[in-house]
Amino acid sequence: METKNMMIVGVGGQGTLLASKLFGRLLLDQGYDVKVSEVHGMSQRGGSVVTYVRWGDRVCSPVIDKGEADFILSFELLEAARWMEFLRPGGRIITNTQQINPMPVITGAAEYPQALEKRMAEAGVALDAMDALSLAEEAGSSKAVNLVLLGRLSRYFDWPEETWQQAITASVPEKFLELNRKAFHLGRNS
Amino acid sequence: MKTLMLGNEAVARGLYEAGCAVVSSYPGTPSTEITEAAAKYPEIYAEWAPNEKVGMETAFGASLAGRRSFCGMKHVGLNVAADPLFTIAYTGVNAGMVIGVADDAGMHSSQNEQDSRHYAKAAKLPMLEPADSAEALAFTKAAYELSERFDTPVLLKMCTRVSHSQSVVETGERVEPAPVPYEKKAAKYIMMPGNAIRRHPVVEERLKQLAEYAETCPFNRVEEGSDHKVGIITSSTSYQYVKEVCGDRFPVLKLGMAWPMPEKLIRDFAASVSLLTVVEELDGFIEDHCRALGLSLAGKDVFTPLGEFSQNLVAEKLGLPVPRGTALEETIPARPPVMCAGCPHRGLFYTLNKLKLTVLGDIGCYTLGAVPPLAAIDSTICMGASVSGIHGFLKAAGGEMDGRTVAVIGDSTFMHSGITGLVNIAYNESNATVIILDNSITGMTGHQQNPTTGFNLKGDPCTKIDLETLCKAVGIRRVRVVDPYDLAQCEAAIKEELAAPEASVIISRRPCVLLKYVKTAPPLTVDKDKCVGCKACMKIGCPAISVRDGKAGVDETLCVGCNVCQQLCKFDALRAPGEV
Ligand SMILES: Cc1ncc(C[n+]2csc(CCOP(=O)(O)OP(=O)(O)O)c2C)c(N)n1
């Protein structure tokens, strides 16, 4: 099988690492060779963050390059646009429509670009945009955006919900299990 | 069992399986998780040392006492620990000793992009260089075998992409090597000239034997290819990019042992291909070695010494097809890291900016104080350089800059290498004002305990070094504490200490808001009738505040109610809940 590529992008502190950990675990359980490349340190402090997940028969490089990603799972709209160039032709972006202003926008040095969804779609991207924040809040916490998005992502794979729920059970602390299961379910059925 | 592990976790697993007993490290991205993961194994004694030199010497002491030991650090940490490194290369070890060092090509979280392989060559020590997590585990275990077989410390070189990528590992059981009895061996362990002069030839001989070993070391391997027009020598993460784009097309010599290098293996490989190509990140280290052997090759003339590689870069340089994507036509605003909402560093930097001071800075979360709108840092070099630097700055300015210049340094950084600079200020008497930004944690690298926090690596309570007492003991008479959330208090204290005719220390104390035990206040709200849109609250660069349509707004998901912005509002428009 040819190597598949997914990027998880967002803003430091949004919980992208849990999403990649969980997805990586699921892929390993399915018998794939897997690599997950994370960002730690400096850029975690509210900066733009990216995680690469790759799976297949044999995965070499731990990173994904421009024009390679089958999926980009984006936790924030501007970040989807930032990383769009990494999508392969025919790839899909699944994005939260939430907007978080970066510092240059806050200080007025730059503007948050308008109509990003429309323009990404016009550029030929298969775009699946959703308000993951509201669903996360419905599930019980704005922090559960990651599981809502994973739920939405799961619709593009053939595995039954049970497979995903097992990976959630294995990756999430007991205390938050119910919340995360619910968030995933809401995302999957949104 | 097969699991996914970060390269750093795999090193820790290797330490565990090899029976390592003592780990002493200083945190530094991308090396930190090795020691954090090692600390989770009850069989391993693991600690955070105040700096890398102490960590390495502690690990050496443990080896001397007969137990396998480890110390871990980032690339620049090895500069700090270089002094013991070059001499334990002479003494060798008693039980096995491994030194983990992680480079950061691309400077994801570092102040420079130095290549640690030069240390192996300069100190004449063996260095292993894994390319994924499975190798990280295997090489760590092998490093102990090598260390004991050749009586040498062994360097284990990681890098950001190996340290911070999860890949599949197969875990094994721990061996429990019998402690090696300690015996006094003056000629081996007392490195005064008369002894050291006899150890140097031992080092040279050992290096020859290691080079011999490198010829058959299983970590240096040729992977056959169908097309011998090009042959690639590579290592570490570059190997992965090469395999990604070339598959089995070109023959590859993968070097898992970065130093010493196998002469015959390289010559034979070179002879089997038409164009020898070396693909390595950062410096042309393998390249230089090959050139010294008289081989001609393509190396840094093609592959840049700058930054990280990727599969597209390697494909492009090898003339292979490169995938392309589509970008939006407009520039996407950058999203640089920012000081968190409620960060205690913010109020202090606001005050430094307001007073227009020259600020010698240091390394930590507070380096973000250099970024507009705070923009209150003039220099950042390496850990400790603020405190030593201000002394030289003031001496050179001959009184001219007194009263206008401060040094800022974090609590962890102060313990790491600020103390000696402060000793110099006291001893050689400059009129410096040093501000210790005490947020009660090592923030930048992800919340590690340090000697001032009162907790050790395992999270147990332990002796807490008292900064006030320490600074006074060093000879500073004027030591005071301020709360950085209180802008008036900060400003008054800084003005007073700058006016004082002697050196002083101001401890700006408040724990990092991200610490679990810190109770935050409810978010502020904006009284839109009172807000005139003057943007005074924007001067602190808080990610929770923005101005839209002429009125300030507070993002309630981010605001932690620190009230620093409230102190800047002349119109009483920012309110804590319940305030009228
Ligand atoms: C020699 C060296 N070792 C380690 C590091 C990595 N590092 C950068 S800043 C820092 C410590 C920051 O902690 P602190 O001084 O308490 O400031 P904070 O981030 O909490 O504001 C560390 C360990 C480094 N840059 N140089």
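The structure presented is a predicted model; accordingly, all values stated were derived computationally and were not measured.

Definitions and limits used
- Residues numbered from 1 in each chain as written.
- Chains lettered and ligands numbered in written order.
- Predicted model: local features only at pLDDT ≥ 70, side-chain atom pairs only at ≥ 80, totals over all residues.
- Heavy atoms only, no water.
- Pairing = 2+ DSSP bridges.
- Helix = DSSP H or I, 4+ residues; strand = E, 2+ residues; numbered from the N terminus.
- Axes fitted to C-alpha atoms, helices over the stretch in contact; angles between N-to-C directions.
- Contact = heavy atoms within 4.5 Å.
- Disulfide = S-S within 2.5 Å.
- Buried < 20%, exposed > 50% of the residue type's maximum accessible area, 1.4 Å probe, protein only.
- Salt bridge = Lys/Arg side-chain N within 4 Å of Asp/Glu carboxyl O.
- Polar contact = N/O pair within 3.5 Å; in protein donor to acceptor, adjacent residues only side chain to side chain.
- Nonpolar A, V, L, I, M, F, W, Y, C, P; charged D, E, K, R; others polar.

**Considerations on the sheet that holds strand 15 (residues 405-410) of chain B**
Residue and element names in this part refer to chain B.
So, step 1. Strand order in the open sheet formed by five strands is 14-15-16-18-17, and the pairing between neighbours is parallel. Only two strands of the sheet have a single partner each, and these edge strands are strand 14 (358-360) and strand 17 (478-482). Neighbour-to-neighbour, the strand axes of this sheet turn through a mean angle of 25 degrees, independent of strand direction.
So, step 2. When strand 17 meets strand 18 (residues 504-509), the two strands line up parallel, connected through five bridges. For Val481, the partnering residue across the bridge sits in strand 18 and is Ile507.
So, step 3. Each of strand 15, strand 16 (433-438) and strand 18 touches helix 17 (residues 411-427); the most contacted strand, strand 15, lies at about 140 degrees to it.
So, step 4. Relative to the sheet, helix 19 (residues 487-499) contacts strand 15, strand 16, strand 17 and strand 18, its axis offset from that of strand 17 by approximately 170 degrees.

**Re the state of the cysteines**
So, step 1. One pass over the structure, following the stated rule, counts zero disulfides over all chains.
So, step 2. Looking at the unpaired Cys60 of chain A, the closest cysteine sulfur is the one in Cys246 of chain B, lying at 10 Å.
So, step 3. Accessibility expressed as a relative area gives 6% for Cys60 of chain A, which makes it buried.
So, step 4. A disulfide-free cysteine, Cys71 of chain B has its sulfur positioned 10.0 Å from the sulfur of Cys20 of chain B, the nearest such atom.

**Some words on the interface of chain A and chain B**
Where interface size is given, it is often the accessible area lost as the parts come together that is meant.
So, step 1. In this complex, chain A contributes 55 residues to the contact, which on the side of chain B involves 54 residues.
So, step 2. Remark: the boundary between chain A and chain B carries four salt bridges.
So, step 3. A salt bridge links Glu79 of chain A to Arg335 of chain B, with the shortest nitrogen-to-oxygen separation between them at 2.5 Å.
So, step 4. Applying the counting rule to chain A against chain B returns 21 residue pairs in polar contact (both at pLDDT 80 or more).
So, step 5. Of all the secondary-structure elements, those providing two or more residues to the side of chain A that touches chain B are helix 1 (16-29), strand 2 (33-37), strand 3 (48-56), helix 2 (77-83), strand 5 (87-96), helix 3 (103-106) and helix 4 (116-122) of chain A.
So, step 6. Of the residues assigned to the side of chain A that touches chain B, the class counts are 26 nonpolar, twelve polar and 17 charged.
So, step 7. Bridge analysis of strand 2 of chain A against strand 8 (residues 165-170) of chain B gives three bridges, and the strand direction is antiparallel. In the sheet register, Ser37 of chain A faces strand 8 of chain B, and the bridge partner there is Ser165 of chain B.

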